[in-house]
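The lines below spell out each chain.
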Amino acid sequence: MKKRFHTRQATFRQLEIFHSVAEKSSVTEAAYALHLAQPTVSTQLSRLQQALGLPLFETIGKKMYLTAEGSELLTATSELFATIDRLEMRLAARAGLSLGTLKLGVVTTAKYLIPKALGTFCHKYPDIEPEFQIGNRAEIIERLKQNKDDLYVFSHPPRELEITTQLLTENPLVVVANKEYSKAKHSSISWNDLKDERLLLREQGSGTRFTIEQFLAEFGYPHKSPLTIASNEAIKESVESGLGISILSVYALNHMETDNLVILPVKEFPLANNWYLVTPKGKKQSPVAHSFEQHLFKHLGER
Ligand code: PGA
């Protein structure tokens, strides 16, 4: 008849004691490590051996050795405690998640990119307190320098700082005009055809302006002096009212009423741009920030 081993009669504590004794080859050291009295360890060990009906150790001279069965059990307890450790890590991460704050520093135009993902994240973890700071590129760089937030979003990460960047998605810039604009009906125009128009630009320090200025340095400035307006929404309104043309992120446009606006078919456009998730190099990420990062990538992948 097949011999039955009563492994399930072993208690978790006995397995823990066995594991420690086996690792240290010493009852004394295991007792010390587990904060138990030595006789308690010996008693629990012999109860475990009785329950299993097998000798787990043999003592030769003064030294303890695992029997073959003891080695089998050690393999099993190593797996068991590794699983428990992983469980504890996950629970700790969840505990962090249920209590933590999430600080995001995001450039103005990326405010159209992040809120949806933030909304579903907060829905999943209702106790998290998000802090969502919005500023132009220069303002968010300042926050990054002062290590104020967990995660940042830029289209032009400040390469001069020690940072880690991860590509999120594209952020193309296009030329926009009032829908009645005469050249709007052309099938293709060049930047040069727009030289007499007034260009409406975001404020100094804006990342959008930074990209546009790089383009202008190569392709030339319009003849009329540009008009600075410190908001994507106000620029859109101004373009619609015929004040001039502008260059805006497709992201911004997708989130505004643009019935009176057209994207001009300028052959040098769209300007290729991307959104990046940025963290200071070496920053120890909180479980909340780590989890939001994964959530954001998943959200962008599902759009
Ligand atoms: P902005 O940033 O809102 O400061 O223009 C957008 C960007 O960095 O492209």
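Placed above this text is the structure.
Residues numbered from 1 in each chain as written. Predicted model: local features only at pLDDT ≥ 70, side-chain atom pairs only at ≥ 80, totals over all residues. Heavy atoms only, no water.

A closer look at the sheet that holds strand β10 (residues 245–249)
- Spatial strand order, β9-β8-β10-β7-β11: five strands in an open sheet with mixed pairing. In the strand order of this sheet, the two ends are held by β9 (227–228) and β11 (261–263), each with one partner.
- Bridging between strand β8 (residues 199–201) and β10 involves two bridges; their strand directions are parallel. By the bridge assignment, L199 is partnered in β10 with I245.
- Across the sheet, helix α7 (residues 207–219) touches β7 (173–178), β8, β9 and β10, and the angle it forms with β8 is around 140 degrees.
- Those strands touched by helix α8 (residues 232–240) are β7, β8, β10 and β11, and its axis lies near 145 degrees from that of β10. (Pairing = 2+ DSSP bridges. Helix = DSSP H or I, 4+ residues; strand = E, 2+ residues; numbered from the N terminus. Contact = heavy atoms within 4.5 Å. Axes fitted to C-alpha atoms, helices over the stretch in contact; angles between N-to-C directions.)

Topic: α8
- Along α8, the residues classified as buried are N232, I235, K236, S238, V239 and E240.
- At its buried positions, α8 is contacted by β7, β8, β10, α9 (250–254) and β11.
- For α8, the side-chain oxygen to backbone nitrogen distance between the N-cap and E233 is 3.2 Å, and the N-cap itself is S231. (Buried < 20%, exposed > 50% of the residue type's maximum accessible area, 1.4 Å probe, protein only. Polar contact = N/O pair within 3.5 Å; in protein donor to acceptor, adjacent residues only side chain to side chain.)

Section: the pairing of strand β4 (residues 129–135)
- Direction of pairing for strand β3 (residues 101–107) relative to β4: parallel, over a ladder of seven bridges. From the neighbouring strand, K103 faces β4, where its bridge partner is E131.
- In this fold, the crossover linking β3 to β4 by way of helix α5 (residues 115–124) has right-handed handedness. (Right-handed = clockwise from strand over helix to strand, strands pointing away.)

Overview of the nonpolar core
- If you look at the biggest cluster of nonpolar residues, it comprises 35 residues, and the most contacted ones within it are L102, I114, V153 and F292.
- Only β3, α5, α6 (137–145), β5 (151–154), β6 (163–170), α9, β12 (274–280) and α10 (287–302) provide two or more residues apiece to this core.
- The element best represented in this core is α10, accounting for five residues.
- What L102 contacts, discounting residues up to four positions off in sequence, is L118, F121, I128, E129, P130, E131, D150, V288, A289 and F292. (Core = buried A, V, L, I, M, F, W, Y, C linked by side-chain atoms within 4.5 Å.)

Some details on unusual backbone geometry
- In this structure, P270 follows F269 across a cis peptide bond, with omega equal to 0 degrees.
- Along the chain, the position of P270 falls in the loop between β11 and β12.
- Of note in the backbone geometry, S25 takes a positive phi value of approximately 50 degrees without being a glycine.
- Residue position: S25 is located in the loop between α1 (12–24) and α2 (27–34).
- Its relative accessible area of 32% is what places S25 among the partly exposed residues.
- Here the phi dihedral of N147 falls at roughly 55 degrees; this positive angle occurs in a residue that is not glycine.
- With respect to the helices and strands, the residue N147 is situated in the loop between α6 and β5.

Re the layout of surface pockets
- In this structure, the largest pocket occupies an estimated 160 Å³ of space.
- Those elements that provide at least two residues to the lining of the largest pocket are α4 (68–99) and α10.
- Sort the elements by how many residues they give to the lining of the largest pocket and α4 lands first, with five residues.
- Of the residues belonging to the lining of the largest pocket, the class tally is five nonpolar, three polar and two charged. (1 Å grid on protein atoms, 1.4 Å probe; cavity = no way out; pocket = protein on both sides within 12 Å on 5 of 7 lines; lining within 4 Å. Points joined across faces, edges and corners; volume = space filled by probe spheres on them. Nonpolar A, V, L, I, M, F, W, Y, C, P; charged D, E, K, R; others polar.)

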